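Take a look at the letters that make up each chain.
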Amino acid sequence: MKQKILKILKENKDNLISGTTLSKNLNITRSYVSKLISNLIVEGYDIKKIDRLGYIYKNDLKVLDKDYIYNNIKNKKEVIVLEKIDSTNNFAKKFAKETFLKEAVIVANTQTEGRGRLGRSFVSNEASGIYMSYMLKPNFSLDFAKKITCLAASAVSSAIDEEANVSSQIKWVNDIYINGKKVSGILTEGSTLLEESKLEYVVIGIGINTYDQVFTDEIKKIATTLENEAQMIVSRSKLIVNIINRIDNYLANIGNDVYMKEYINRSFVIGKKVTLQKYDKIFEVEVIDINQEGELVVKHLDGRFETISSGEITRMKINSEN
Ligand code: BTN
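Residues numbered from 1 in each chain as written. Predicted model: local features only at pLDDT ≥ 70, side-chain atom pairs only at ≥ 80, totals over all residues. Heavy atoms only, no water.

### Describing the overall build of the protein
Part 1 of the reasoning: Helix and strand counts for the protein stand at eleven helices and 15 strands.
Part 2 of the reasoning: For the protein, whose C-alpha radius of gyration is 22 Å, the value lies close to the compact-globule estimate of 20 Å for 322 residues.
Part 3 of the reasoning: Referenced to the eigenvectors of the C-alpha coordinate spread, the extents of the protein come out at roughly 75 × 50 × 30 Å.
Part 4 of the reasoning: Evaluated residue by residue, the protein yields a buried proportion of 51% over its 322 residues.
Part 5 of the reasoning: When the accessible surface of the protein is summed, it comes to about 15900 Å², and 48% of that surface belongs to carbon and sulfur atoms. (Helix = DSSP H or I, 4+ residues; strand = E, 2+ residues; numbered from the N terminus. Rg over C-alpha atoms; globule rule 2.2 N^0.38 Å. Buried < 20%, exposed > 50% of the residue type's maximum accessible area, 1.4 Å probe, protein only. Areas by Shrake-Rupley, 256 points an atom, 1.4 Å probe, with all protein chains shown as cover.)

### Quick word on the site of the ligand
Part 1 of the reasoning: As a matter of local geometry, the ligand sits amid 21 residues, with Ser87, Gln111, Arg115, Arg117 and Lys182 nearest to it.
Part 2 of the reasoning: A distance of 2.8 Å is found between an oxygen atom of the ligand and a side-chain nitrogen or oxygen belonging to Ser87.
Part 3 of the reasoning: Contact with the protein chains covers 97% of the free accessible surface of the ligand, which is 410 Å².
Part 4 of the reasoning: When contributions to the shell around the ligand are tallied by element, the ones reaching two or more residues are α5 (88-98), β6 (129-136), β9 (181-193) and β10 (198-209).
Part 5 of the reasoning: For the shell around the ligand, the element with the highest residue contribution is β9, accounting for four residues.
Part 6 of the reasoning: Looking at the shell around the ligand residue by residue, the class counts come to six nonpolar, eleven polar and four charged. (Near = heavy atom within 4 Å. Polar contact = N/O pair within 3.5 Å; in protein donor to acceptor, adjacent residues only side chain to side chain. Nonpolar A, V, L, I, M, F, W, Y, C, P; charged D, E, K, R; others polar.)

### Quick notes on the sheet that holds strand β3 (residues 54-59)
Part 1 of the reasoning: Sheet architecture is open: three strands sit in the order β1-β3-β2, paired in antiparallel fashion. One side of each edge strand has no neighbouring strand; the edge strands of this open sheet are β1 (16-17) and β2 (46-50).
Part 2 of the reasoning: Taken together, the two bridges between β1 and β3 define a ladder with antiparallel strand orientation. When the sheet's bridge partners are listed, Ile17 is paired in β3 with Tyr55.
Part 3 of the reasoning: Where helix α1 (residues 2-11) meets the sheet, it contacts β1, β2 and β3, and its direction lies at approximately 75 degrees from that of β3. (Pairing = 2+ DSSP bridges. Contact = heavy atoms within 4.5 Å. Axes fitted to C-alpha atoms, helices over the stretch in contact; angles between N-to-C directions.)

### Focus on the packing of aromatic side chains
Part 1 of the reasoning: By the definition in use, this model includes six aromatic pairs.
Part 2 of the reasoning: A centroid spacing of 6.5 Å and a plane angle of 45 degrees characterise the contact between Tyr45 and Tyr57, whose relative ring orientation is tilted. With Tyr45 in the loop between α3 (30-43) and β2 and Tyr57 in strand β3, this residue pair connects regions lying twelve residues apart in the sequence.
Part 3 of the reasoning: Tyr57 sits in the buried class, given a relative accessible area of 3%.
Part 4 of the reasoning: Where Phe140 meets Phe144, the ring centres are 4.6 Å apart and the plane angle is 65 degrees; that geometry is what we call edge-to-face. In this structure, Phe140 and Phe144 share a single accessibility class: buried.
Part 5 of the reasoning: A cation sits over an aromatic face here: Lys62 above Tyr211, 4.8 Å from the ring centre.
Part 6 of the reasoning: A cation over an aromatic ring shows up here: Lys76 above the ring of Tyr70, its NZ or CZ 5.3 Å from the ring centre. (Phe/Tyr/Trp six-rings, centres within 6.5 Å; stacked < 30°, edge-to-face > 60°. Lys NZ or Arg CZ within 6 Å of the ring centre and 35° of its normal.)

### Regarding the sheet that holds strand β12 (residues 281-290)
Part 1 of the reasoning: What the five strands build is an open sheet, ordered β14-β13-β12-β11-β15; its pairing is antiparallel. Of all the strands in the sheet, just β14 (305-308) and β15 (313-318) have a single pairing partner and so form its edges. Strand-to-strand twist of the sheet, defined as the mean angle between neighbouring strand axes without regard to direction, takes the value 40 degrees.
Part 2 of the reasoning: Relative to β14, strand β13 (residues 296-300) is paired through four bridges, and the arrangement is antiparallel. Within β14, the residue paired with Lys299 across the bridge is Phe305.

### With respect to the environment of Asn59
Part 1 of the reasoning: Checked against the element boundaries, Asn59 lands in strand β3.
Part 2 of the reasoning: Sequence-wise, Asn59 and Asp46 are 13 residues apart; in three dimensions their C-alpha atoms are separated by 5.3 Å.
Part 3 of the reasoning: The residues contacting Asn59, other than those within four sequence positions of it, are Tyr45 and Asp46.
Part 4 of the reasoning: A distance of 3.1 Å separates the side chain of Asn59 from the backbone nitrogen of Leu61, its partner in a polar contact.

These values are about where atoms sit, not about what they do.
Here's what the structure looks like:
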């Protein structure tokens, strides 16, 4: 029945259609019509409810369309689209252990326990963001696994720029920024087969604030949405496809380090003074460079240089005088 309503609404795109017309055409009550339309809105369909008059179908840019995603990714793999889940990374890790498949993409419309790095949470309201995990069982070495977040960040940042016509940057190591505010974060998790010292699986978790995300006042100061920065509604499904295709392309050419050049070019921190927390020490440094391993090359106030890996740092704050 939901599909039948959708068909009529789409045929009348941008025009008002009354609840009575829909209920008569489909032989269902007006309250059932209203309930089905509310469900469609939750799924991401842009349908305006006009009090006592009816409904106007605007677009389906916000809808997670599993068929569209599958049909448009170049390297075919399992695509799982869920309405609600605790965390797509949790789902992907469990799935990796149960399946013989070597690759899968899991996307959810909302997460109840979206997670970020270092135990932080990731705001994951309904139809307001992209919450996806790319699970793969790679052949590459454990050494390369350290760089997978850089590879994913390059893919996400480039895909965002293409779809939303913006210039995003990467805040080492895993955040994507637009105009100085965070729009996306990446959480890479993995499991190693210790006895073989090789990777069992890697899960690349990607969260992007696209639109309508409700932030607390505290988070509003540091986070933003694509809609706010680009003044447009991007198609979630199209952006997901763009990201997957870029990740696959980088993975197919991992020897050539193109992704790392992109990562360094897109850096939001090179040349800036930042405050770092390394274990229990807090200190100020200038970021000089990011090396081919994705590590930060910094200069201390006393002129000393140091190379720091992401695992050593629990906090990075960009100093305001930059
Ligand atoms: C961060 O900001 O530190 C990383 C955020 C990563 C969020 C994504 S949303 C999809 C996947 N599932 C999760 O629970 N987290 C990642």
